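If you want the building blocks of each chain, they are given just below.
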Amino acid sequence: MKIDHDKCVACGNCLPICPMGAIYIDPSVNRARINSDECVECFTCYRGMSKEHLNPTLVRAIRKTAQFFRFRFDPEPDICPTDALVPEELSWPRVVRRAFSDPQVPHESTGIHGRGTAEVKTNDVTHRVKEGEAGFVVEFGRPGIGARFRDIDRVTRALAELGVEFESNNPVTSLMLDPSRGVIRPEILDEKVLSAIVEIKTRLEDVPSVLKKIKELSRELATVVSLGVSTRCGNAGEDRLSEILEREGYPTYRGKTNLGLGRVTVVHD
Amino acid sequence: MTNTLHRYSEHYAFERPPNPQPVQDDFIVFAMASRGINDDDLVARYRAFLRLALKHNPVNMGDATKGGMLRPRQDLNPKAHWKRDQRPNPEEVVAGIDGHTTVAAVFDNYQDMKAFVDDVRSANLGISVNISAPIEDAERCCRETGITRHSVEYSLGFSGRVEKLPDSTVLELTTMCGHGMVSANFAKKMIDWSKENRRSPAELARTMARFCSCGVFNISRAERILDEARMKNR
């Protein structure tokens, strides 16, 4: 993303909008600029802000007049008055930033929007996580901090040593050179994304040791980790996972419940 | 829709209080078809799902590829600063569905959510349906509508460099868009504007909702949080 300085009026509305805080007013030119190393190409500024398409010269003149008299103008906080935000053509490896940060871009590896994962949301028809198994959803950078693949690579390598199974239908796994060792492509390690999800599967009895490992590893990272764990319920809807999590001292207040209403309807020849 | 999993409340505070306040105004029900399994006629199924939701007063609704009931506009004129159209447009969400996506409906009370789930069960749409809410409420809803839970996924909260996270009020607002489209700095600004009475909590909540690109931001809960924040010292 970049800012067209012929259009920008330095109103500052886009500054707090940026989830990474990457936009600032450059005093040398009195225009907004984007720190491209911190920008994760999430398109929040470009797509989330409403636009007015006003004449920049006129807007600058009005702003200067108001500033001279110390008038406080109270504009709507989510509008770019002159449509100054301009998306750039992204090439490899920077393109992974948008793939993992803009939820309206489907991931090529899974065809799914958002962070590109299905987890147990469709477990009633995909049967990815079976009874007696636990599916981990380890999300790096969420909420609102962002993560570099270098940090993710440290964790995936350590988890691979535990012998966990990485979900093959997952965007991060698709960027691994060797999923059996958790090694992520070296050319993307410095790329920053809003968040990325690693999915692994273990036996239920291994949940405490995997949780412990993730907790240990997360302390060494430059970002935050959001953790989710899932399982297939029994025939009466009961689950053994909650007991394990409570014993380990984790909160289990909120979650997702798959209602089992999905069924196979596509007829294959 | 992992984006609805980690919605912050006192239950996930780093120093948890002994009796955290239950969240009673945030229930999401979403539907997702799987490629090659049940994605035949998926547009009609998704539209049927959202049409059923509309009967039960959703506070937001969304299509993950297009947005929610409130969306940014590309064609505003300066009058918007004084007279902004704040009306949600659920028909735009329903009509805009054109292929693979996830559709969601957000409710601010248990009864509406339960009535909707009951309708969805009866409609037998054949696509995967999930409740994202306090686990006990989802379990109770299943019991009361005659559904046997298939799978569960628990949010275990946040770890790592948590000192980088903003305060709890900001987190309550920003985590309602799990994709991170509602930034912490913007949430802080909206809280300040609420304190300064520059806009009403209802207007500010709607302004924030426009950034959530899949429509799972709970406008009603945000309004409550922004209203309560007026008297709090962050």
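Residues numbered from 1 in each chain as written. Chains lettered and ligands numbered in written order. Predicted model: local features only at pLDDT ≥ 70, side-chain atom pairs only at ≥ 80, totals over all residues.

Novice: Help me get a handle on the overall build of chain B, residues and values and all.
Specialist: The secondary structure content of chain B amounts to eight helices and five strands. Reading the secondary structure of chain B in the N-to-C direction produces β-α-β-α-β-α-β-α-β-α-α-α-α. The C-alpha atoms of chain B give 18 Å as radius of gyration, which agrees with the globular expectation for 234 residues (17 Å, within 12%). Considering only C-alpha atoms, chain B reaches an extent of 50 × 50 × 30 Å along its principal axes. (Helix = DSSP H or I, 4+ residues; strand = E, 2+ residues; numbered from the N terminus. Rg over C-alpha atoms; globule rule 2.2 N^0.38 Å.)

Novice: Go over the overall build of chain A, please, and point to the residues and values.
Specialist: Counting its secondary structure elements, chain A contains eight helices and 15 strands. Principal axes of the C-alpha set define a box for chain A whose edges measure 70 × 45 × 40 Å. Sorting the 269 residues of chain A into buried and exposed places 46% on the buried side. Relative to all contacts within chain A whose residues are 6 or more apart in sequence, the contacts with residues 24 or more apart total 75%. (Buried ≥ 20, exposed ≤ 12 C-beta atoms within 10 Å, placed from the backbone. Contact = placed C-beta atoms within 7 Å.)

Novice: Before we move on, can you summarise the environment of A:C11 with the specific residues and values?
Specialist: Summarising the element assignment, A:C11 is placed in the loop between β1 (2–3) and α1 (14–17). Along the sequence, A:C11 and A:P143 sit 132 residues apart, while their C-alpha atoms lie 27 Å from each other.

Novice: Give a description of the sheet that holds strand β4 (residues 128–134) of chain B that names residues and reports values.
Specialist: Backbone hydrogen bonds hold the strands of a sheet together, and the pairing may be parallel or antiparallel. Strand order across the open sheet formed by ten strands is β9(A)-β13(A)-β7(A)-β14(A)-β5(B)-β15(A)-β4(B)-β1(B)-β3(B)-β2(B), with antiparallel pairing between neighbours. Every other strand in the sheet has two partners, leaving β9 (165–166) of chain A together with β2 (60–63) of chain B as the edge strands with one partner each. With four bridges joining them, strand β15 (residues 254–258) of chain A and strand β5 (residues 151–160) of chain B adopt antiparallel strand pairing. Bridged to A:G255 within β5(B) is B:Y154. Taken strand by strand, helix α3 (residues 110–123) of chain B contacts β1 (27–32), β3 (102–107) and β4 of chain B, and its axis lies near 20° from that of β1(B). (Pairing = 2+ DSSP bridges. Axes fitted to C-alpha atoms, helices over the stretch in contact; angles between N-to-C directions.)

Novice: Before we move on, could you go through the interface of chain A and chain B and cite the residues and values that matter?
Specialist: Between chain A and chain B, the contact holds 82 residues from the first and 79 residues from the second. The leading source of residues in the side of chain A that touches chain B is strand β14 (residues 224–232) of chain A, at nine residues. Taken together, the residues of the side of chain A that touches chain B break down into 34 nonpolar, 29 polar and 19 charged. As defined by bridge partners, β14(A) adjoins β5(B) across eight bridges and the pair is classed as antiparallel. By the bridge assignment for β5(B), A:V224 is matched with B:G160. (Nonpolar A, V, L, I, M, F, W, Y, C, P; charged D, E, K, R; others polar.)

Novice: Tell me about the confidence of the model for chain B, and please be specific about residues and values.
Specialist: Reading fine detail from the predicted coordinates is not recommended where pLDDT is low. With 99% of its residues at a pLDDT of at least 70, chain B reaches an overall mean of 95. Across the interface, the model reports ipTM at 0.96; the global pTM reads 0.96. (pLDDT = per-residue confidence, 0-100.)

Novice: Kindly report on the domain arrangement of chain A, identifying the contributing residues and their values.
Specialist: One widely used convention gives an interface's size as the accessible area the parts lose upon coming together. All names here are of chain A. As far as domains go, chain A holds domain 1 (2–86) and domain 2 (107–247). Distance between the C-alpha centres of domain 1 and domain 2: 37 Å. Between domain 1 and domain 2, the contact holds five residues from the first and five residues from the second. (Domains from an automatic or database assignment.)

Novice: Explain the pairing of strand β13 (residues 196–203) of chain A to me, using residue names and the numbers behind them.
Specialist: All names here are of chain A. Here β13 lies mainly inside the structure; six of its eight residues are buried. In this sheet, β13 lies alongside strand β7 (residues 133–140) in antiparallel orientation, the contact comprising eight bridges. Each residue of the ladder has a partner; that of F140, found in β13, is A196.

Novice: I'd like a rundown of the pairing of β2(B), residues and numbers included.
Specialist: Consecutive side chains of a regular strand alternate in pointing toward one face of the sheet and then the other. Residue and element names in this part refer to chain B. Burial along β2 is two-sided: the face carrying N60 and G62 and the face carrying M61 and D63 are both buried. Bridge count between β2 and β3: four bridges; the pairing is antiparallel. In the strand pairing of β3, D63 is matched with V103.

Novice: Any chance you could break down helix α3 (residues 56–68) of chain A for me, citing the residues and the numbers?
Specialist: Residues and elements named next belong to chain A. The end-to-end C-alpha distance of α3, which contains 13 residues, comes to 18 Å, matching closely the 18 Å that a straight helix rising 1.5 Å per residue would cover. Within α3, only zero of the 13 residues are buried, leaving the element largely exposed. With its phi angle positive at about 55°, R70 sits one or two positions after the end of α3. (Expected span 1.5 Å × (residues − 1).)

Novice: Got a sec to walk through the nonpolar core? Specific residues and values, please.
Specialist: Counting residues in each nonpolar core, the largest one holds 132 residues, and the members touching the most others are B:V182, B:M208 and B:F217. Looking at this core, you find at least three residues from each of domain 1 (2–86) and domain 2 (107–247) of chain A. Beyond its immediate stretch of four places on either side in the chain, B:V182 contacts B:L173, B:T174, B:C177, B:A187, B:M208, B:F211, B:C212 and B:F217. (Core = buried A, V, L, I, M, F, W, Y, C linked by C-beta atoms within 7 Å.)

Novice: Would you mind going over the packing of α3(B) against helix α4 (residues 135–145) of chain B in detail, with residue names and values included?
Specialist: Residues and elements named next belong to chain B. Relative orientation of the contacting elements α3 and α4 amounts to 50°, with a least axis distance of 10 Å. On the basis of their axis angle, the class for α3 and α4 is oblique. Crossing of α3 over α4 shows right-handed handedness. Touching Y110, M113, K114, V117, D118 and R121 of α3 are D137, C141, E144 and T145, all from α4. (Parallel < 35°, antiparallel > 145°, perpendicular 65-115°, else oblique. Left-handed = near helix turned anticlockwise from the far one by under 90°.)

Novice: Pulling in residues and values, what's your account of the packing of helix α7 (residues 201–209) of chain B against helix α8 (residues 219–229) of chain B?
Specialist: Residues and elements named next belong to chain B. Interhelical geometry of α7 versus α8 gives an angle of 130° and a closest axis separation of 8 Å. By the angle class used here, α7 and α8 are oblique. Between α7 and α8 lies a crossing whose hand is right-handed. Residue-level inspection shows P201, A202, L204, A205, R206, M208 and A209 of α7 in contact with α8, the latter providing I219, A222, E223, L226 and D227.

Novice: If you had to explain unusual backbone geometry to someone new, which residues and values would you point to?
Specialist: All names here are of chain A. Of note, the amide linkage connecting W92 to P93 takes the cis form, showing an omega dihedral of 5°. Between R142 and the following residue, P143, the backbone shows a cis peptide bond with an omega angle of 10°. Mapped onto the elements of the fold, P143 is located in the loop between β7 and β8 (147–148). One non-glycine residue with positive phi stands out, namely N30, at about 50°. Summarising the element assignment, N30 is placed in the loop between β2 (23–26) and β3 (31–34). N30 sits in the exposed class, given 12 other C-beta atoms within 10 Å.

Novice: Lay out α7(B) in plain terms, naming residues and giving numbers.
Specialist: Residue and element names in this part refer to chain B. The buried count for α7 comes to seven of nine residues, which makes it a mostly enclosed element. Residues P201, L204, A205, R206, T207, M208 and A209 constitute the buried set of α7. Buried residues along α7 sit in contact with β2, α5 (168–174), α6 (184–195) and α8.

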